[in-house]
Amino acid sequence: MNILIIYAHPYCKSFNHAILNQVESSIPSIHKVRTIDLYRENFDSVLKFDEENKRRDLSKNPETSKYRDMIKEADKLIFIFPIWWSGMPAVLKGFIDRVFVSGFAYSYKKIGLEGHLKGKSAWIITTMNAPSVILPFSNDYGKVLKNQILKQCGIKPAKLTTLTQVGSATWEKRNLYLQKISSIAKNIS
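Residues numbered from 1 in each chain as written. Predicted model: local features only at pLDDT ≥ 70, side-chain atom pairs only at ≥ 80, totals over all residues. Heavy atoms only, no water.

Enquirer: Explain the environment of Asn 16 to me, please; I cannot follow it from the model alone.
Expert: If you trace the backbone, Asn 16 turns up in helix H1 (residues 15–26). Residue classification places Asn 16 among the buried residues on the basis of a relative accessible area of 4%. The contacts of Asn 16, once residues within four sequence positions are left out, are Tyr 7, His 9, Ile 80, Phe 81, Pro 82 and Thr 127. (Helix = DSSP H or I, 4+ residues; strand = E, 2+ residues; numbered from the N terminus. Buried < 20%, exposed > 50% of the residue type's maximum accessible area, 1.4 Å probe, protein only. Contact = heavy atoms within 4.5 Å.)

Enquirer: Just to check I follow, could you spell out the nonpolar core for this structure?
Expert: Within soluble globular proteins, side chains that are nonpolar tend to cluster in buried spots. Ranked by size, the top nonpolar core spans 37 residues in total, and within it Phe 79, Leu 92, Phe 95 and Phe 100 carry the most contacts. Mapped by element, the contributors of at least two residues to this core are strand E1 (2–7), helix H2 (65–73), strand E3 (76–82), helix H3 (90–99), strand E6 (121–127) and helix H4 (141–150). The element contributing the most residues to this core is H3, with five residues. The contacts of Phe 95, once residues within four sequence positions are left out, are Ile 6, Ile 36, Leu 38, Phe 43, Tyr 67, Ile 71 and Phe 100. In this structure, Ile 5, Phe 15, Ile 27 and Ile 78 belong to the second largest nonpolar core, which totals 19 residues. (Core = buried A, V, L, I, M, F, W, Y, C linked by side-chain atoms within 4.5 Å.)

In structure tokens form, the structure reads like this:
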């Protein structure tokens, strides 16, 4: 299986980076794994529209073609990012705005969208400082990515793993989280 990890956290010593390392090292070697580190790559998240950059042409933009190619080749996408103010990091939102575009990830039907990325699945791993009791009441961007973006593009199933109270978690709790991530990654399908 071809697996593409899309990672968005600016600090290389963060808990999110520990999660990335855990995922990369736990996925069985029979799978091909590639990682896009949006901050390390200095991904330009700014969506531009003007006379030369038309929305209808985003699927042909040469700046994002390598990312579209990587997504096309992938059987499974893994997103790793923190939830900040109920949202994803701006660089990841910009990546979605610029790469998951009409003509590539979906097209418009008379009613709704036609997803073009069928046959792919996803695993979304998010961290947040909020307690788990608020999860049923929040509409954070892990859920938005799963239900309003990936599903609309034909990517399903999408598993969502939300790690809560990370900022105040002890090292023991963080290690339990990493063991959970490792267990899921080892059995990835």
